Every structure is written in structure tokens, then in C-alpha cells.
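Structure at a glance
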Amino acid sequence: MGIDSLPAALSVIRPELILAVTALVCLALDLLYKPADKMPCWAVAFFGSLAALASTIASWGTEQEAFSQLVRMDNLSNFFAVIFLMVGLITLCLSDSYVQREGLPAGEYYTLLLISMTGMVFMAQANDLMTVYLGIEIMSIPVYVLVAMMSKSPKSPEAGLKYLLLGGFASAILLFGIALLYGAVGTTQLADILRQAPGALKASDPLFLAGVGLLLVGMGFKVSLVPFHMWTPDAYEGAPTSVTAFMSVAVKAAGFSVLIRVIVLSLSPMAVDWSQIFWWLAVLSMVLGNVVALVQENIKRMLAYSSIAHAGYVLVALTTGTETGIHAALIYLFIYALMNLGAFGVVIAVSREGDQGVEIRDYTGMARKRPLYALAMAVFMFSLAGVPPTAGFIGKFYAFSAAVKAGYVWLAVIGVLMSAVSAYFYLRVLVVMYMKEPEAGAEYSAGPWGAPIGAGVSVSLWVCALSILFLGIWPGWLSHFAQQALQGLTSLL
Amino acid sequence: MEEAIVFPYLRWIPLLPLIGFLINGLGARADLTPARVRRIHWIACLAPFGSFLISVFAFTKLLGLPAEGRLLTDTVFTWIAAGNFTANLTFSLDPLSSVMTLVVTGVGFLIHVYSIGYMHGDGSYSRYFSYLNLFMAMMLVLVLGGNLLLLFLGWEGVGLCSYFLIGFWYEDPEKAYAGLKAFVVNRIGDFGFLLGLFLLFWSLGQKGVWTIEFGSIQEHVHLLSPAVITAVCLLLFMGAMGKSAQIPLYVWLPDAMAGPTPVSALIHAATMVTAGVYMVARMHFLFIASDFAMHWVAWTGAITALFAATIGVCQNDIKKVLAYSTVSQLGYMFVGVGVGAYAAGIFHLMTHAFFKALLFLGAGSVMHAMGNETDIRKMGGLRKKMPWTFWTFIVATLAISGFPPFSGFFSKDEILWQSYSSHFGSTALWAVLWIAAAVTSFYMFRLVFLTFFGEPRDAHLHEHAHESPAVMTVPLALLAVGAAAAGLVGIPASWGFTNLFEHFLEPVVGGLPHGAHVSHAVELLFVGLSIAVAFAGLFLAWWFYLRSRELPERLAGRYARLYDLVYNKYYVDELYDALFVRPIRNLSEKFLWKIFDAGFIDNGLVNGTARFFQRSARSLRRIQVGDVQGYAFAMVVGMLAIIGFLLL
């Protein structure tokens, strides 16, 4: 289906083009406007992302390759693009007042966010290892900067630097893996790799196998699987909270989009091998993420470990290498995006200038003072813990039942047990909010939750909370779209 | 069997009180304005009245059908469907449930009305009436349920309401405890009942018939072995012993008098406690198939009848006397159904509903007048002060003691006669009941004489005594009409009339299993003996409590041991306490709670798991030291492991 006319080729990457142009406009506006009124930047970024989302939704159902098969638009790429753009839009809503309050350079902030989203959409559309690499870099470099952006706090630049160093390390590993693969099979095209994989496997070509291993490491870093997760707590804690929210869901989803495309689909002939590696990575991530989260006092750090565990749950579904498994992973990523964004939204709403008020004890007695935020947080925590009727339960249900169907019973058992462990640290937030009295005279009891946080945060909280309840009760809708996203790809399995 | 006729109004009989319950239960407000009070009791009373009207309508419709085809059904929806087993939410009305429905809604409605006066000014007015309505709904589900599952639902539902209402004034720990006791004792019976249900369901299923509908159980009962039938019957009867307060599970009923008096009248006299009798009659096809079960039921009833009656003699609390009397009369009913005279048992159930409800409401009226005093030794001479209460009480007493032509005479006499003449009866059985009848007459007139005759023993209380308002006395009068005349529908055939009641029920429970043929002359002789014994009780009570009043004390002094034994209710409560309550409590507290639960489960399993994870978390977090070199090292280790795995 290769098309060579330029307009047709450009229509395949239309969302990326919209995002990139919007990013440039933002940058230009930043130069033109005085620092006092940066509002146009936000609006431009918002409507640009909205347009990209509309463009993606409009091309739902089309299947096209372009630029010498470097990119490929299909329902799977569209599904992921919808997740990225949805996350982007909600992040923008969460950012507006936060950026003003923390005095972040708004123009650069929104520009970097948009460029990062551009990279993500490229990742979702990658049909060639070169596109994979380019996408990852376009996504990552802006995020490194975003993490380090809160220069007032010493933690933020440190986090950015750590993330940059380790990210560079992981990129190098990934690139080296691509080089080895190219050396083994002479191509970077995913379709060609799929065609040549059986031969390479038969010969047990060490170049090929090592290349795959290095690819796994590079992608495992992006989705923060144990043992490639070490940067996560530091980066999540130090980054501006809105950036943490964005990273924890969008970057992770983007990482999974290439993991699914490259490993699960294009390397399906060697599923026997990588599924065992997935098994271990999933178990390690679930155990370490959930167990270490138990003792965290900082809610951003707690959610960082929680995100490691959730990457483990997604990997449980992918370990199966079946259509049901990928289907479950797509559903999980969508739901996880909503609930994690919501949780970070509450963190933003509750925090004070200088990223204060992010310790769990700062939530003491919050239910009295801000009952609606507490209620929303309760929904997100229940959902993250996987309690029905929230969507989090549906996500876990699909993931674990896919594992059981494929015969990975023990993996599902470990997953369920670790979910039980996770209930402790999620529900602890509820206990603190609902069952503890605010300490008299403590700094935070003076009304830390009274600061104006802008309508955007409230709106996104309610959108997330209601969507979670909606998907928890009527999951068929999401399941239907996830099923469509896999159409035409299952023949690869 | 003829096809049942669909009668879609049936569902409204239990539904109306349920709606009343929801309105009053959910709409409860703390501040009771007179307008709210009126709204509460209007809703609460109209609901059972509506049910009563539908019941009457259904009853007339039933009468219009040929005797063999008297069955109305109303299927609301399919409740459970699993494989070839389905359970529908079906209400069905046959002559047996029609009698029960009329009694429950009719007597129930009057008691609701009476409650308006009795509960006037209570802070939990709305809660009271919502519970009462819920009880009505559950009782009607019990009697109208077309299958065992619905019967069980109602059975548990009325038990729950009974618990709510006994402990209605829960601020008083003694009353709350009485509610708890009723619940726990009933659970013991219900445990057996449930086992019986399972056994019946499972053993029929083993024969390929998965059903809980009464009709199809009856059709397939021949598939079961006699041993299974006996076991099922005894287990089901265990439930009846709890619910209908038979030995050994009767102990909760006297304590249940802690509830408001109209509750005692409705639940603990007229309706709920008779559920066991209804259940045995409903399952008659099972019981009749087991001689052992029949004898067991009859003898349990007879012994309970005499045992409880003797306790009644020495009680000084007006409600306690009536409570033991109820236990005793329930014993009579079980003798009736236990000797196969189902119609007679249900007949006594109906007449008893009238006269015992009347007695309780009369007692309530007296308590109302005496500032909630219940000790009959402080009463006396109320005859003039409360003429309505007095005369209706007299009617009820004559009825329960078995004076013709009051209702109790006919029903009790029928049971007495059947206990002798039936296939399952014997002279011994009859003799026990006959003595119990004498005791009944004695303790009832003792109650009447001490309460209403003689001189006032407490001048202060007497001074303030007054007749109750019309909202209470009118229900008394209506019930008195029933207590006096309800027996006329069941005049025995030997008197030359047709026994209408027996004929009405015959299609459901079958004819009487007659023993040896006995002449009418003998039957009339037994009627004479019954009447004689009623008069004997009256005479003795008069002699003891009106003529030579020092006699009871003298006798009590002379036979002090015997008197103490009976006065203390044969020490049954103390016995149970020593045998069951305290050992179980000790086991629960000292071992199950403190050692097993707190020590092993809580501290070992639950906290142990938590401690394990806390410790693991503390050691695992140390990996995260913060320097990038360490992080990169972890990645390298992971990378080497993966490549190693793939290459090797």
C-alpha cells in the first residue's frame, strides 16, 4: 500500500504535522508576547492538540503506509495516538494554573509538551526501526528538559540530569540493538524482520538474538520495568507534577506501543523466548513496584512505584503474545491513563507553591475540607487498586484473564496477590483523608487546599473520575474499540 | 390436578405493606409534627387494610371455584434459572394460604390500628410502623409463597422483624438482649430447617427432580425413601420448634414480651409463631408419610402444651402468663397437625389468633392504664374502671378456656377429640392435653380475677387507671366478636352440622386419617369432659383467688420445693445457660477469640503478612540509593541477564 504522492504521504502523518506546527507557533508566540500574558500559548497548544485528536479520530479505520514504509497508520497507531492526545489534552488542563503558580516558562513548557507528543505519535506509527528510534528521541529529549524545568526546586534539575544520563544510556543500548539486528538480517523494516526472523532463529544467530535483547532493554527503560526502572522514582518526584502526570502515562503508553509493534507483533516467531523474559520482568516489576510503594511517604514517589507495578500488569497481558493479551494491554493502558492522570490531578490540586504538600500526611482530614477532591481521589485510588465498579478492576480483569486463558496461571496469581498488597498503599491515602483528623496548628491545616487552582484541574478531575466509573460499568465500549485496533494485525501472530 | 388460575392481584397483598415499609422507613424524620404522625399511621394502616381487601376478594374468588380447583397463582418473574432448575417468584393462594392470609391481614390490620393509640407519643413512631409493615410483608410472603425458597425468605424475614421489634426499645439493654436471645434461638431452629430444605432438594435431585415448588414436591414425594422423609421432616420441624416456640426451643418467647405489647399480639401470638404450624400443614404430604415424624410432632406439642401451662400458673407478669399460654396453645396446634388433623390444627390457629391477640391487646390496654405496670399482684378491681377492656378480656378468656360456644371451645375440642380418635392418637396423648386444658382454664381465670376483680391492691395506680381511647377499644371489640363467633365455622359433624372449615381445607390437606370407628355417643362424652374440665379450672381459680385468698400462699408454703421449681420456670433458662451459653461463650472468648482469632489469624496471618511486606519494602528500598552509577549498573545487570538468557 505504499503511496508516493507527497500529499497522500503527508496525510498519514497529519497528526504529527499538526502537533509540530502548533509547537512552532507556541514558540513564536513565546517570543512575541511579554512574559505577563502567556495565555495564547496555552490556548494554541490546546486547540492544536484537539485538532490532532480530531484528525486521528477522523482517520479511524484507514490503513496506509508512507515514506518508503517508514510510517504506517492503522487502527493500532490511531488507538495509541488517541491515548497520547487525550493524555496531552488533560495534561494541558492540569498544567495551566500549575505552570503559572510555579512560574515555569510557559511558552517553552507547552512547546516541549507538543514536540514530545509528536514523537509519541511517530512511535505509534513506526514501521521501521529507524522510525522507532527517531520517535523515541523526539519524545524523550523534550521530557528530559521538562523534568528539569522547575529550577527553583533543587530536586528538579537533579531528576532531569539523572533521567537524561540514563535515558542516553538506554538510547545507546537501543541503537546498538538496532545495529546488531541490521547486521543479522540486513534490514530495519519491521515487515522484513518478521519475514527473516524464522531463518535467523533457526541458525540461532547471536547477532540477531543479542539485538533483540538490547531492544528489550531500551524499551523496558521507557516503560520502567524492573530492573530498568531505577530512574523512575527520582524523576517522578523531582519533575513538576504536571510533567510527572504526563510521563507516567503517555511516555509509558508510547513505550508499550513500540514494544507491541516491534517485539510482540514483528518478532512473534520468537515468542517462546521473549515471553519467558516478559514473565520475569512482569513479576519483578509487580513485586518490587508494589512492595516498595508500601513504605513511601511522598505521594509522587508512591505513584512512581505504583506506575512500575502497573507496567508489570500490562506486561502480564503481553506475556501471552496472543490477540486477547494485546487486547487486554490496550484496554489497560487506556484505563490506566485516565486513573493515573486523575490521581496526579488531585496531587496538583492539593499541593502548594514550590511543590509543597505532596507528602501523604498532608492529606490528613482532607475529606472534611475538600470533600469533592477527596471523593475524586477515592475513585482514583480504588481504581488503581482494582476495586469494582471502577475501570481499574476491568483493566486487571482483562489482563489477568488473558494470562489465565493462555495458561499463565501463576503469573495471574502473582498479579492478583500483588494487587492485594497494593490495596494497602492506595487505601492508606483514603484512610488518611477520611478517617484522620487534621492536626491542630499544623501548617497544612491552615487551608492548603484553599488555594485557587483553576477550572482546568477541576474539569479534568471530573472527566477522569466519571470516565473511570463509566468504563467500570460499561467496559464493552472500550473493549470494542480495542478489538478494532487489532484488526488486520492478528494475522501476524 | 387442575390448572391453576392466574390472579395477578396476589402480588399486591405482600407488596402493599412493603411499600408502606419503604415510605415510612425511608421518610423517617426526627421531629414528629402531628401532621407527620398522622401521615405515618395512615400509610401504615392503609397498607394492611388494602391487603385485607384483596385477600377477601381472592377468598370470594376461591369460593366461586370448584373445590378441587381452588388455586390462584401469580408469577412475578423468574427468580433463579440454572440448567433445568428454575425458581419463580410465584405467589399462590389455596384454601390453606387463604385462611392464613385472612388471619394475618385481618388481625394484623386491627393491631395496626390499636398501635396508633398504644404507641402514641413514642419517639420512634415511624420506625415502629415501618417494622410492623415489613413484618406484614414478610409474613404474607411466607404464607403466599408458591415454593420452599419463598417460604424460607418469609420465614427469615419475619424472624428478622421479630428481632427488630422485640428489641424495639434497644436503649434498655435487657430488651436488646431479649431480641438477641430470640434471634439466636431461632437461628438454631433455622439451621435445622435449612438442612431439611437442602436434604429434600438434594435427595429429590438425586432422583432427577430438581424442584422446590410445593406442587411438584408433592407429586414426587413417593420417590423418596422413608428414612429420608423422616429425616427431612424432623429437620424441618426443628425450624418449627424454634419459630413456634416448642420444647426445647421455646425459651425465647417469654423474653420476647420485652417488645411493645401490640407486637406481642401480632407477632408472638397471632401470626409469626404459628408459621411452624402452617409449615407442617403445608408440607403435610411429607409428614404424613412418616409415622415417626407424626408422633414426634404430636408428642412435642402435647408435652409443650402441659409444660408451658403449668409455668403459666405461677407467673405474676400479665404478659408472661400470656406468653406461656401462647407456647401451650401452639402445642395444641402441633398435636392437631401431628395426628393428621391438619384442618383442626389450622382451625385452632385461626381462633387462637383472635382470642390471643385480644388477650394481649387487653393486657396492653391494662398496662396503658396502669402506667406500664405488668405485675398482676398490684392490680385488682379494674372491672369498673375499664369496662370495654374487661368485657372483651372475659370473652377471650372464655374462648381460650374452652367454654362453649366461644371459638376456642370448638377448635380445642376438635384437637382433643382427634388426639384420641385419630390413627396417630392415643388415650395418653388425649389425657395430657385434657389436663393441660384444666390448667389453662385455671391460670386464665387466675389472671382475670387478680386483675379485674377484688379490691385494688395499689391504690395509687388504681386511682390513675382509665379506659383506653376508642382507637384501642374498637379493635378490642372487633376482635372480641371474632373470638366469640369464629368457632361457628367449624362446628363438628357429630353435632349435626357441616364442618365448613374442614371442608374448605380438605382439598389441600386431605381428609382425616380415621382410626377405629367410634360412635357419636363417645364423641359427645368427650365433649362433656372438655367442658367439665373448663369449669373445674374456673371453679378452682375462683376458690383460690376470690373466696379463700390465703390458700395459694399456704399451698405454696407447704409445697415450697415444687412451687419454687415451677415459679422459676423449671430452671430451664439456668440449665441452658450452664449447658450451652456459658461453655460456648468460654470457648469463644478464651480460645476462638483470644488465641485463635487474635493470636493466630490477626497477629499471625494478617499482621504477619503485613510485617513481612513492611520489612521487605524497607530492605528493597535501600537499593534506591540515588546515584546514577548504581542505576546504570542495575540496567547493565538486567541487560546481561536478558542477553545471556537469549544466547544460552
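Summary of the structure given here. (Residues numbered from 1 in each chain as written. Chains lettered and ligands numbered in written order. Predicted model: local features only at pLDDT ≥ 70, side-chain atom pairs only at ≥ 80, totals over all residues. Heavy atoms only, no water.)

Description of a positive patch on the surface
All names here are of chain B.
- On the surface, a cluster of positive charge is contributed by Arg611, Arg615, Arg618 and Arg621.
- Of note, arginine 618 is situated in helix 26 (residues 572–620).
- Overall, the relative accessible area of 44% leaves arginine 618 in the partly exposed class. (Patch = residues over 30% accessible without salt bridge, like charges linked within 9 Å, V, L, I, M, F, W, Y side chains within 5 Å. Areas by Shrake-Rupley, 256 points an atom, 1.4 Å probe, with all protein chains shown as cover. Salt bridge = Lys/Arg side-chain N within 4 Å of Asp/Glu carboxyl O. Lys, Arg positive; Asp, Glu negative; His and termini not counted. Charge placed at Lys NZ, Arg CZ, Asp CG, Glu CD. Helix = DSSP H or I, 4+ residues; strand = E, 2+ residues; numbered from the N terminus. Buried < 20%, exposed > 50% of the residue type's maximum accessible area, 1.4 Å probe, protein only.)

Quick look at the packing of helix 1 (residues 12–26) of chain B against helix 2 (residues 34–63) of chain B
Residue and element names in this part refer to chain B.
- Two numbers describe how helix 1 lies on helix 2: the axes approach to 8 Å, and their chain directions differ by 175°. Of the possible angle classes, the one that applies to helix 1 and helix 2 is roughly antiparallel. Contact residues: Trp12, Ile13, Leu16, Pro17, Gly20, Ile23 and Asn24 in helix 1; Ile40, Ile43, Ala44, Ala47, Gly50, Ser51, Ile54 and Ser55 in helix 2.
- Considered class by class, the residues forming the contact of helix 1 with helix 2 number 10 nonpolar, five polar and no charged. (Axes fitted to C-alpha atoms, helices over the stretch in contact; angles between N-to-C directions. Parallel < 35°, antiparallel > 145°, perpendicular 65-115°, else oblique. Contact = heavy atoms within 4.5 Å. Nonpolar A, V, L, I, M, F, W, Y, C, P; charged D, E, K, R; others polar.)

Here we look at the pattern of salt bridges
All names here are of chain A.
- Under the definition given, this model contains 25 salt bridges over all chains.
- The residue arginine 72 makes a salt bridge to glutamate 63 at a minimum N-O spacing of 3.2 Å.
- A residue is classified by how much of its surface remains accessible, and arginine 72, at 12% relative accessible area, is buried.
- Judged by its relative accessible area of 33%, glutamate 63 is partly exposed.
- Sharing partners across several salt bridges, the network here consists of Lys155, Glu158, Lys162, Asp234, Glu237 and Arg301.

Some remarks on the interface of chain B and chain A
- Taken together, the contact between chain B and chain A spans 23 residues of the former and 37 residues of the latter.
- For the pair chain B and chain A, the summed buried surface comes to about 2,600 Å²; carbon and sulfur atoms form 82% of the total.
- Per-residue buried area on chain B facing chain A is highest for Gln624(B), Met635(B) and Leu646(B); these three make up 25% of the total on that side.
- Seen at the junction of chain B and chain A, the total is zero salt bridges.
- Where chain B meets chain A, there are two residue pairs in polar contact (both at pLDDT 80 or more). (Buried area = accessible area lost by both parts, 1.4 Å probe. Polar contact = N/O pair within 3.5 Å; in protein donor to acceptor, adjacent residues only side chain to side chain.)

That's the geometry; what it means functionally is another story.
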